[in-house]
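# Summary of the model geometry
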Amino acid sequence: MSNILKTCIVDDDSIYRFTMVKTLQSTNLPMEIMAFSDGEEAIDFMLDNLNQDSVFPDVIFLDIDMPIMDGFQFMEEYIKIKPRVGKKITIYMVSSSLDPVDIERAKKISAISDYIVKPIGLGRLKSILEELLKDRKD
């Protein structure tokens, strides 16, 4: 198993994606970063690569509010293909929404590890990634 963490950002805000990429790079952890501007792009990538688990991300930071396919719609589609995905993908729903309805809805989806309110601080991001890397070595 590779020691490189494949990290994915799914967010329609290009400035946020750019900032997340720079923040991820500043952790100096071994990773590959991919980014999609909406849930449909990310699902299409997964569907196109169902037989190549090695290209799938290990962790996804998923926005809720996006055009075309939002975070909840992405999760509906992901849950359908999850049995055909040959690796564990950790998903964090990331949003600026403090709406208790959004938070509760996300918590009811077992495939979502946690709900994080934007922006994600460097310390929190680094601890999430370090934990994922540690779990891969155990």
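All of these numbers come straight from a predicted model, not from anything done at the bench.

To continue, consider the overall build of the protein chain. Each helix and strand in the protein chain was counted, giving five helices and five strands. Counting from the amino terminus, helix and strand elements in the protein chain follow one another as β-α-β-α-β-α-β-α-β-α. Here the C-alpha atoms of the protein chain give a radius of gyration of 14 Å, agreeing with the 14 Å that 2.2 N^0.38 yields for 138 residues. Considered along the principal axes of its C-alpha atoms, the protein chain spans approximately 35 × 35 × 25 Å. Pairs at least 24 apart in sequence give 70% of the contacts found in the protein chain among residues at least 6 apart. Here the protein chain has roughly 7,400 Å² of accessible surface; of this, 51% comes from carbon and sulfur atoms. Here the protein chain carries 17 positive and 24 negative side-chain charges, and the mean point of each set is 6 Å from the other.

Looking at where Asp102 falls in the secondary structure, it is placed in helix α4 (residues 100-107). For the buried Asp102, which has no salt bridge, the nearest side chain bearing the opposite charge is Arg105, at an N-O separation of 5.4 Å. Among the polar contacts made by the side chain of Asp102, one reaches the side chain of Ser97 at a distance of 2.7 Å. Setting aside anything within four residues of it in sequence, one finds Asp102 in contact with Ile64, Phe72, Ser97 and Tyr115.

On inspection of all chains with the given rule, the structure shows six salt bridges. Two residues, Lys6 and Glu32, come together in a salt bridge whose shortest N-O distance is 2.7 Å. With Lys6 in strand β1 (residues 5-10) and Glu32 in strand β2 (residues 31-36), the pair connects residues that are 26 residues apart, well separated along the chain. Looking at Lys6, the relative accessible area reads 15%, which means it is buried. With a closest N to O distance of 2.9 Å, Arg124 and Asp114 form a salt bridge. Of this pair, Arg124 sits in helix α5 (residues 122-137) while Asp114 sits in strand β5 (residues 112-117), and the two are ten residues apart along the sequence. The network of salt bridges with shared partners includes Asp11, Asp63 and Lys118.

In this model, the protein chain carries a mean pLDDT of 94, and residues with pLDDT of at least 70 account for 98%. Here α5 is the element of the protein chain with the lowest mean pLDDT, 90, and strand β3 (residues 59-63) is the one with the highest, 98.

This paragraph deals with the packing of helix α2 (residues 39-48) against helix α3 (residues 71-81). Two numbers describe how α2 lies on α3: the axes approach to 10 Å, and their chain directions differ by 10 degrees. Between α2 and α3, the angle is such that the two are roughly parallel. In this structure, α2 contributes Gly39, Ala42, Ile43, Met46 and Leu47 to the contact, and α3 contributes Phe74, Glu77, Tyr78 and Ile81. A class-by-class count of the residues in the contact of α2 with α3 yields seven nonpolar, one polar and one charged.

This next bit is on the environment of Val21. For Val21, the location among the structural elements is in helix α1 (residues 14-26). Separated by 13 residues in sequence, Val21 and Cys8 have C-alpha atoms that sit 9.4 Å apart. Excluding residues that lie within four positions of it along the chain, Val21 makes contacts with Ile9 and Ile33.

The rules behind these values
- Residues numbered from 1 in each chain as written.
- Predicted model: local features only at pLDDT ≥ 70, side-chain atom pairs only at ≥ 80, totals over all residues.
- Heavy atoms only, no water.
- Helix = DSSP H or I, 4+ residues; strand = E, 2+ residues; numbered from the N terminus.
- Rg over C-alpha atoms; globule rule 2.2 N^0.38 Å.
- Contact = heavy atoms within 4.5 Å.
- Areas by Shrake-Rupley, 256 points an atom, 1.4 Å probe, with all protein chains shown as cover.
- Lys, Arg positive; Asp, Glu negative; His and termini not counted.
- Charge placed at Lys NZ, Arg CZ, Asp CG, Glu CD.
- Buried < 20%, exposed > 50% of the residue type's maximum accessible area, 1.4 Å probe, protein only.
- Salt bridge = Lys/Arg side-chain N within 4 Å of Asp/Glu carboxyl O.
- Polar contact = N/O pair within 3.5 Å; in protein donor to acceptor, adjacent residues only side chain to side chain.
- pLDDT = per-residue confidence, 0-100.
- Axes fitted to C-alpha atoms, helices over the stretch in contact; angles between N-to-C directions.
- Parallel < 35°, antiparallel > 145°, perpendicular 65-115°, else oblique.
- Nonpolar A, V, L, I, M, F, W, Y, C, P; charged D, E, K, R; others polar.

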